[in-house]
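Analysis of the macromolecular model
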Amino acid sequence: MLPESKGYFGPRVVDLGKPNNVGWAQGKCPFHEDPAAAFRVNVKSDQPLWHCFGGCGGGTMVDFHRRLYGLTFEEAVAELLQGVA
């Protein structure tokens, strides 16, 4: 099972705010200089999704973990399932 969304993204996204009524929280993108806090993550969804409105893309928690740590899909899934992340 994947980690809980807020617990996973909270320490990895600078200034991650409280989620709105549908679960999207806003913070600063870890993939680029982000003075405008253009990064969004859904912390209430069963399938945690993220999106950067500054052009970095978006995807699932696995995609985020892969990109943040430079891992293969298999490595990222293994770390997330083992709670290493």
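Quick look at the structure, then.

1. Examining the overall build of the protein
When helices and strands are tallied, the protein shows three helices and four strands. Ordering the α and β elements of the protein from the N terminus gives α-β-β-β-β-α-α. Taken over the C-alpha trace, the protein has a radius of gyration of 12 Å; the compact-globule value for 85 residues is 12 Å, and the two agree within 12%. The principal-axis extent of the C-alpha atoms belonging to the protein is close to 30 × 25 × 20 Å. Put simply, the protein has 85 residues, and 34% of those count as buried. Contacts spanning at least 24 positions in sequence make up 32% of the contacts within the protein whose residues lie at least 6 apart. With the model as given, the accessible surface of the protein reaches about 4,900 Å², and the carbon-plus-sulfur share is 54%.

2. With respect to helix 2 (residues 61-69)
Taken together, the buried positions of helix 2 are occupied by M61, V62, F64 and H65. Taken around the axis of helix 2, the buried residues stretch over an arc of 160°, which confines them to a single face. Elements in contact with the buried residues of helix 2: helix 1 (5-9), strand 2 (39-42), strand 3 (49-52), strand 4 (57-60) and helix 3 (73-82).

3. Points about the environment of E33
Along the chain, the position of E33 falls in the loop between strand 1 (24-27) and strand 2. Since its relative accessible area comes to 75%, E33 is described here as exposed. With 45 residues separating them along the chain, E33 and A78 place their C-alpha atoms 29 Å apart.

4. Considering the sheet that holds strand 4
Here four strands make up an open sheet; going across it, the order is 1-2-3-4 and the pairing antiparallel. Of all the strands in the sheet, just strand 1 and strand 4 have a single pairing partner and so form its edges. Adjacent strand axes in the sheet meet at a mean angle of 15° when their direction is disregarded. For strand 3 and strand 4, the ladder comprises four bridges, and the chain directions are antiparallel. Across the sheet, H51 pairs through a bridge with G58, a residue of strand 4. With respect to the sheet, helix 2 is in contact with strand 2, strand 3 and strand 4, its orientation differing from that of strand 4 by roughly 120°.

Conventions and cut-offs
- For every chain, the first residue of its written sequence is number 1, and the numbers climb from 1 along that sequence.
- For this predicted model, a pLDDT threshold of at least 70 governs which residues receive local features, and a threshold of 80 or more governs which side-chain atom pairs are given and counted, while totals over whole chains, interfaces and linings are taken from all residues.
- Values shown for side chains rest on all heavy atoms present in the structure; no hydrogens or waters enter the calculation.
- Per the convention used, a helix needs a DSSP run of H or I reaching at least four residues, while a strand needs a run of E reaching at least two, with both numbered from the N terminus.
- Throughout, radius of gyration means the C-alpha value; the globule benchmark is 2.2 Å times the number of residues raised to the power 0.38.
- Buried means the residue's accessible area, taken with a 1.4 Å probe over protein chains only, is under 20% of the maximum for its type, while exposed means over 50%, and partly exposed covers the values in between.
- Residues are treated as being in contact if the distance between any of their heavy atoms lies within 4.5 Å.
- With residues, only the protein chains shown are counted as cover, and all accessible areas are computed by Shrake-Rupley using a 1.4 Å probe.
- Here the arc refers to the set of directions running from the helix axis out to each C-beta atom.
- Strand pairing follows a simple DSSP-based rule, namely that at least 2 bridges must link the two strands.
- Axis angles are defined between N-to-C directions and span 0 to 180 degrees, where every axis is a line fitted to C-alpha atoms and, for a helix, only to the segment in contact.

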